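Geometric and topological summary
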Amino acid sequence: MSAGVHGYMRFENRPSFALKNRLTRGFLIALGVAASACSTTGLPVVNTQGIAENRQSRVKEVTPPQDAACRLQVIRKKAWLFRSSYFSSGAHIGSGIILTAGHNLYSSTFSVVDDVSVECGVTEHKDGAGRVSQFKRSSIAVLPGYDWKDFPRDIAIIRVPHPPAATFEVAPDDLQLKKGEEVHLSGFPGDGYTENGEFLFTARGKIVEVTPEFIVYAITTATGNSGGPVWMEKDGRFLVVGVHVSGEDDIGTARRVSQTLVNSLRNLLPASH
């Protein structure tokens, strides 16, 4: 695993750990969270032999649905002693709700989210842009029970006060995905692409594995892609089918999303006024 002061941690190495089961079985089933056929990290085990490098390309002009892709800059207080800045990706899914990975926004005893900036519909990051005015941690919802590297619960949202006009649509609960289908990834990668996720990139790749919780695709990812939308076009609709949570050996892995799963997160936010 690699991390930098200005780059969000990329889950590259996957050390073994006991998957934490803090929620009841009924609640897990209701949210589509089951870890039966996965590795000890909860991620699918995939044979990457023969999968070629498939690098992302820089987006020079914002057109739908790239205009709903977002860059997050998260300031964290570490052990009450210092603050660090991390960048990552997300997607606007309507009503000021930004969908991203849980590890981008969760707080723990020694690492607390202290401030957030969100830029959507841009091809290039500008310092100081997108700061969430009067930021409150109550504007964040992380899937209950999430802890570090708990990939089946690695989903979060944040509500921003000035939502962009463009949106992705969240995939319906009954959407069927198959190996060989193409998906797109949009986001602001760092390592190997840019220094600090300054530019919007995108790529298209085929699904190489799909489970009830995860999608694995042949796209070469990097730091900063975490939380980025994995999407496909269906009948003229741009559907977010997953949130990028991990990358390794020229494949990326997304936690699948559905309207029911996202609505469960929306219900954790206080009512907006």
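Every value quoted in this text rests on a predicted model; they were computed, and no experiment measured them.

Scoring rules and cut-offs
- Residues numbered from 1 in each chain as written.
- Predicted model: local features only at pLDDT ≥ 70, side-chain atom pairs only at ≥ 80, totals over all residues.
- Heavy atoms only, no water.
- Helix = DSSP H or I, 4+ residues; strand = E, 2+ residues; numbered from the N terminus.
- pLDDT = per-residue confidence, 0-100.
- Contact = heavy atoms within 4.5 Å.
- Salt bridge = Lys/Arg side-chain N within 4 Å of Asp/Glu carboxyl O.
- Buried < 20%, exposed > 50% of the residue type's maximum accessible area, 1.4 Å probe, protein only.
- Lys, Arg positive; Asp, Glu negative; His and termini not counted.
- Polar contact = N/O pair within 3.5 Å; in protein donor to acceptor, adjacent residues only side chain to side chain.
- Pairing = 2+ DSSP bridges.
- Axes fitted to C-alpha atoms, helices over the stretch in contact; angles between N-to-C directions.

Remarks on unusual backbone geometry
A cis geometry characterises the amide bond from proline 64 onward to proline 65, with omega recorded as 0°. Secondary-structure assignment places proline 65 in the loop between strand 3 (57-58) and strand 4 (69-78). The phi angle at aspartate 249 is positive, at roughly 50°, despite the residue not being glycine. Assignment of secondary structure puts aspartate 249 in the loop between strand 15 (237-248) and strand 16 (251-256).

Observations regarding the confidence of the model for the chain
Averaged over every residue, the pLDDT of the chain is 84; the share at 70 or more is 82%. Across residues 1-37, confidence stays below pLDDT 50; counting only partners more than four residues off in sequence or on other chains, it has 94 contacts.

So, the pattern of salt bridges
The full count for this structure, using the stated rule, is eight salt bridges. Taking the shortest distance from any N to any O, the salt bridge between lysine 77 and aspartate 114 comes out at 3.9 Å. A residue pair is termed long-range when its members are at least 10 positions apart, and lysine 77 in strand 4 and aspartate 114 in strand 7 (residues 111-120) qualify at 37 residues. Residue class for lysine 77 comes out partly exposed when judged on its relative accessible area of 40%. Two residues, arginine 83 and aspartate 114, come together in a salt bridge whose shortest N-O distance is 2.8 Å. A residue pair is termed long-range when its members are at least 10 positions apart, and arginine 83 in strand 5 (residues 82-92) and aspartate 114 in strand 7 qualify at 31 residues.

What about the side chain of arginine 76?
Within the secondary structure layout, arginine 76 lies in strand 4. Buried charge without a salt bridge: arginine 76, with aspartate 154 as the nearest opposite-charge side chain at an N-O distance of 9.1 Å. A polar atom in the side chain of arginine 76 sits 3.4 Å from the backbone oxygen of histidine 103.

Brief notes about the sheet that holds strand 9 (residues 156-159)
With antiparallel pairing, six strands are arranged side by side in an open sheet as 7-4-5-6-9-8. Each of the sheet's edge strands pairs with one partner strand only, and the pair in question is strand 7 and strand 8 (140-142). Ignoring which end each strand starts from, the neighbouring axes of this sheet average 30° apart. Relative to strand 7, strand 4 is paired through nine bridges, and the arrangement is antiparallel. Within the sheet, the bridge partner assigned to arginine 76 lies in strand 7 and is valine 113. Where helix 3 (residues 259-266) meets the sheet, its contacts fall on strand 6 (97-100), strand 8 and strand 9, and the angle it forms with strand 9 comes to roughly 50°.

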